[in-house]
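What the coordinates show
The lines below spell out each chain.
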Amino acid sequence: MSVATEPVITEQTCLICGLENEPESMVCAECFAPMELAVQAIRQQAVPNIISVFGDSNVGKTVYLGMLLDILSKHPEDLTAVAKGVYSIDLQASLVMHLAMRKFPPKTPSEPDHWEWVYYQITQERAKGRGRKQPEKQCDLIMPDLAGEALAAELAEPRSFQVIVSLLGISAGIMVLVDTLQARSGNAYQDFFALKLLSYLDDIVGGTRKQKIRKPIAIVLSKADQCEEAFDDPERFAKTNLNRLWNFCYTRLENFQFFATGVVGAQGYILDEDENRVAIPLYVEPRNVLEPFRWVFSRVS
Amino acid sequence: MALHRKYRWFYWPAWLAGLGAILALSNPWWVAAAVAVVGLVVGKVLFSGRATDHARAAKPDAPAKAASHTAPVVDERPPAPDERTIPGMLQQGRHAFVIRNRDKWIDHPDGEELLAHAISQLEATLGFVPESDVLIRGTLTGTSEAHDHHVPIEPFLIGAHTVTNAMYQHFVDGGGYENLDLWPEDILPLVLEFCDRSGELGPHYWTGGRFPTGQGNRPVVGICWYEAAAYARWIGQRLPNEAEWQMAANWRVAGSSKSYQRAYPWGEAMDHERCNIWVSGRGEPVDVDEYPDGGAPNDVRQLIGNVWEWTDSDFEIRDQKGEQILTDFPTKTIRGGAFDTFFESQASSEFRTGQNPLARKHNIGFRCALSADAIPMLVSA
């Protein structure tokens, strides 16, 4: 859709919450999303879709998103991705440099004005049809790297982080990350956290009792590199180890799928001064990183 | 002669037993009974082994019920060898085992001929690596020399290729998982859990005790360190330690500068057309004899990429500050990188990493090794 025919979007319009900001604002006064996103959308003459990655703190959102962007920027298979705006490269660059040094990136700060946002143009080649190639699918995408602590705070006290409320409402597709190793160990926290997140989403965008949530939602079992059972059959793993979440999906979601993914092959750790574990990636081998994104992207108009 | 099942009614011992039954109607009765018993016993002795072979050979065409609907079957099915004979063991790829136990059979009339045959076959599967010493990096990034150490290497032989699915099939069919001598005592309770997707003993990604169709020449994966070590023992070899593996990959010449060792078997620079890693774009393991240009000077191939390789060494490493990296489980060193190794720097001869010895992953295989003094005649040949 051309921005020229959509005068409601200006360089002062926040693409996330819709607030009209003061000229020269760097971030939205309401939700702290960068105004650069609106500038880029006007420059590209497109209304971008938003795909968000949600999940608990330490579930691996930054690693997943950064690796996804780096893989996309290498033009895998049928997808071509081009970063728009220098700021869009920061997240993947930071991740790659940390992993190459066998470190994980630092935790994403809770403050929304410190989050990394990326703006990408994605082109997906369509499979060849009967004798002729189908037209390409093109889409502008915005993906934020939000902090798990902020999400947890929002779930505990709704409307404390306006940006999260707005993102849940306007995201065209959602990826919910769940820590596979915690789930396998019998820790129900991941199950409850994802359940709360989807219940909250149901409150925001759900309709009546009979109307299910129609957004495409990928349930992504992260850190599955140490759990082959999750790769063998992600849905069966979820049914067994995340049963509350699995039941909710079948009850309230219309368009969902389970995936398993991993970025590192093995982890070690060192102990810091306070005897806390600091995880160390021993080597990097992305596995099924693209599949959840491809599934969501194919369902985003 | 292998008779098809539908012709079994031709088996003469069955006729003999039937004749005995007819004679049972006549006198004396004990003659009839004796004929029947002889017929049954002879039939049992002659055909029970054959029936077992039939069952084994027929297995790919008639997989276990649980696997019947997915049913990838062996296409490059080797003829079932008789593992009780020397030719049978050679057919299973157990050349080193046969040679190392030659005292038990060399007096056989064909002994010398069999020995020569075994040596020539073994030679074709191994590459000789000369004496040297290698520099093992002691830290994660390899930038701190304080924890590096030199390891002297005795001459040894290493598999020219990683072990393939077809080679490992012999181990599965030959009862390797049931052979208690091949497994450490403390791991025995877990061996029964080393199952494939259909619940039969075998690598994780197999079905019905068979490897996936068309993948006979690909490296076997989905095996843990214990399975790799058991296979190596079964064929009379062992896993290389990580210093040996590194020597095979960087081909360091004894006496050269201490700090000089090649990053790759072919030279100093990564070339993703000589190996199968992420940027090569293959996306899965390939046949073990691909990438001939990526071989070491002794034509040992695919040390870099395709699949990680288990070594016999425990994995210990420190961070840049010298802090020991801890893991939740004892870790074995894996080397070389795999088809999905993302960073080129992590698929080099020096890069060290580790994995849980019980992990049965999609991208870890192994190759075997042999000390040069284990079979001196091989090295002199």
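Residues numbered from 1 in each chain as written. Chains lettered and ligands numbered in written order. Predicted model: local features only at pLDDT ≥ 70, side-chain atom pairs only at ≥ 80, totals over all residues.

**Here's the deal with the overall build of chain A**
The test is simple: A helix here means a DSSP run of H or I that spans at least four residues, while a strand means a run of E at least two residues long, and both kinds are numbered starting from the N terminus. As defined in this context, the radius of gyration uses C-alpha atoms, and a globule is described by 2.2 Å times the residue total to the power 0.38. Buried residues are those with 20 or more other C-beta atoms within 10 Å of their own C-beta, exposed residues have 12 or fewer, and partly exposed residues lie in between; C-beta atoms are placed from the backbone. Throughout, a residue-residue contact means that the two C-beta atoms, derived from backbone geometry, are no farther apart than 7 Å.
Counting secondary structure elements, chain A contains 11 helices and nine strands. The C-alpha radius of gyration computed for chain A amounts to 19 Å, which stays within 12% of the reference 19 Å derived for 301 residues, consistent with globular compactness. Expressed as lengths along the three principal axes of its C-alpha atoms, the size of chain A is roughly 55 × 55 × 45 Å. For chain A, buried positions account for 45% of its 301 residues. Counting contacts in chain A only where the partners sit at least 6 residues apart, residues at least 24 apart contribute 70% of the total.

**Topic: the overall build of chain B**
Per the secondary structure count, chain B includes 10 helices and nine strands. For chain B, buried positions account for 41% of its 381 residues. In chain B, 70% of the contacts between residues at least 6 apart in sequence involve partners at least 24 apart.

**Looking at unusual backbone geometry**
All names here are of chain B. Unusually for a residue other than glycine, Asp299 sits at a positive phi of about 65°. A positive phi angle is found at Gln302, which is not glycine, with a value near 55°. As for its position among the elements, Gln302 is in the loop between α9 (242-250) and β5 (308-314). Overall, the presence of 29 C-beta atoms within 10 Å leaves Gln302 in the buried class.

**With respect to the confidence of the model for chain B**
All names here are of chain B. Condition: What pLDDT reports is the predictor's confidence in each residue, on a scale of 0 through 100.
For chain B, the average pLDDT comes to 82, and 75% of its residues sit at 70 or higher. Counted against residues more than four places away or in other chains, residues 1-11, with its pLDDT under 50, gives five contacts. Confidence metrics for the complex model read pTM 0.83 and ipTM 0.88.

**A look at the sheet that holds strand β1 (residues 126-129) of chain B**
All names here are of chain B. Definition in use: Strand pairing follows a simple DSSP-based rule, namely that at least 2 bridges must link the two strands. Every axis corresponds to a line fitted to the C-alpha atoms, with the helix fit spanning only the stretch in contact, and the corresponding angles, defined between N-to-C directions, vary from 0 to 180 degrees.
As summarised here, the arrangement of the three strands in space is β1-β4-β9, forming an open sheet in which the pairing is antiparallel. Pairing within the sheet leaves two strands with one partner each, and these edge strands are β1 and β9 (369-371). Sheet twist, expressed as the mean angle between neighbouring strand axes with direction ignored, is 25°. Judged from the three bridges that link them, strand β4 (residues 156-159) and β9 form a sheet pairing that is antiparallel. The partner of Phe156 across the bridge, within β9, is Ser371. Sheet contacts for α9: β1, β4 and β9; angle to β4, the most-contacted strand, approximately 80°.

**Considering the packing of helix α2 (residues 61-73) of chain A against helix α3 (residues 87-100) of chain A**
Residues and elements named next belong to chain A. Heads up, the rule is: Angular relationships are summarised with four words: roughly parallel below 35 degrees, roughly antiparallel beyond 145, roughly perpendicular across 65 to 115, and oblique for the angles in between. In this classification, Asp, Glu, Lys and Arg are treated as charged, Ala, Val, Leu, Ile, Met, Phe, Trp, Tyr, Cys and Pro as nonpolar, and every other residue, Gly included, as polar.
Two elements in contact, α2 and α3, have axes separated by 8 Å at closest approach and are oriented at 105°. Between α2 and α3, the interaxial angle falls into the category roughly perpendicular. Taken together, the residues of α3 that come into contact with α2 (itself represented by Thr62, Val63, Leu65, Gly66, Met67, Leu69, Asp70 and Ser73) are Leu91, Gln92, Ser94, Leu95 and Val96. Residues belonging to the contact of α2 with α3 are distributed by class as follows: seven nonpolar, five polar and one charged.

**What about the sheet that holds strand β5 (residues 173-179) of chain A?**
As a general point, the strands of a sheet are linked pairwise by backbone hydrogen bonds and lie either parallel or antiparallel. Residue and element names in this part refer to chain A. Strand order in the open sheet formed by seven strands is β2-β3-β4-β1-β5-β6-β7, with mixed pairing between adjacent strands. With partners counted over all chains shown, the strands left at the sheet margins are β2 (79-83) and β7 (256-260), one partner each. Adjacent strand axes in the sheet meet at a mean angle of 25°, parallel and antiparallel pairs treated alike. Against the sheet, α3 contacts β2, β3 (116-124) and β4 (137-145), and its axis sits at roughly 95° relative to β3.

**Observations concerning helix α11 (residues 290-299) of chain A**
Residues and elements named next belong to chain A. Rule in force here: Picture the helix axis, draw a direction to every C-beta atom, and the arc is the one those directions span.
Looking only at α11, the buried set comprises Pro292, Phe293, Val296 and Phe297. All buried residues of α11 fall inside an arc of 125° around its axis, so they share one side. Close packing links the buried residues of α11 with β1 (49-55), α2, β3, β5, β6 (217-222) and β7.

**Comments concerning the environment of B:Ala374**
Locating B:Ala374 in the fold gives a position in the loop between β9 and α10 (376-380). Considering only alpha carbons, one finds B:Ala374 and B:Pro285, 89 residues apart in sequence, at a separation of 32 Å.

**Here's the deal with the pairing of strand β9 (residues 277-287) of chain A**
Residues and elements named next belong to chain A. Note that strand β8 (residues 262-271) and β9 share eight bridges and pair antiparallel. In the sheet register, Gln267 faces β9, and the bridge partner there is Pro281. Turn length for the β8-β9 hairpin, with the two strands adjacent in sequence and antiparallel, is five residues, and the turn residue Glu275 shows positive phi of about 65°.

**Here's the deal with helix α7 (residues 189-205) of chain A**
Residue and element names in this part refer to chain A. Quick note on the threshold: Expected span of a helix, by definition, is 1.5 Å for each gap between consecutive residues, and there is one gap fewer than residues.
An ideal rise of 1.5 Å per residue puts 24 Å on 17 residues; α7 measures up with 24 Å between its terminal C-alpha atoms. Buried within α7 are the following residues: Gln190, Asp191, Phe193, Ala194, Leu197, Leu198 and Leu201. Buried residues along α7 sit against β1, α4 (148-156), α5 (162-170), β5, α6 (180-184) and α10 (243-252).

**Let's talk about the packing of α5(A) against α7(A)**
All names here are of chain A. Where α5 contacts α7, the two axes come as close as 9 Å, and the packing angle between them is 75°. Viewed along their axes, α5 and α7 adopt a mutual orientation that is roughly perpendicular. Packed against α5, whose contacting residues are Val165, Leu168 and Gly169, the element α7 presents Tyr200, Leu201, Ile204 and Val205 at the interface. Class assignment for the residues of the contact of α5 with α7 results in six nonpolar, one polar and no charged.

**Structural notes on the environment of A:Val178**
All names here are of chain A. Structurally, the position occupied by Val178 is in strand β5. For Val178, a count of 28 C-beta atoms within 10 Å puts it in the buried group. Sequence-wise, Val178 and Asp56 are 122 residues apart; in three dimensions their C-alpha atoms are separated by 7.4 Å.

**Comments concerning the environment of B:Gly88**
Examined against the element boundaries, B:Gly88 turns out to sit in helix α3 (residues 86-91). Measuring from C-alpha to C-alpha, the distance between B:Gly88 and B:Trp105 comes to 14 Å, with 17 residues separating the pair along the chain.

**Concerning the confidence of the model for chain A**
Residues and elements named next belong to chain A. Averaged over every residue, the pLDDT of chain A is 88; the share at 70 or more is 94%. Predicted confidence in chain A is weakest over β4, with a mean pLDDT of 85, and strongest over β7, with 98. Between residues 1-7, whose pLDDT stays under 50, and residues either more than four places distant or in other chains, the model counts 11 contacts.

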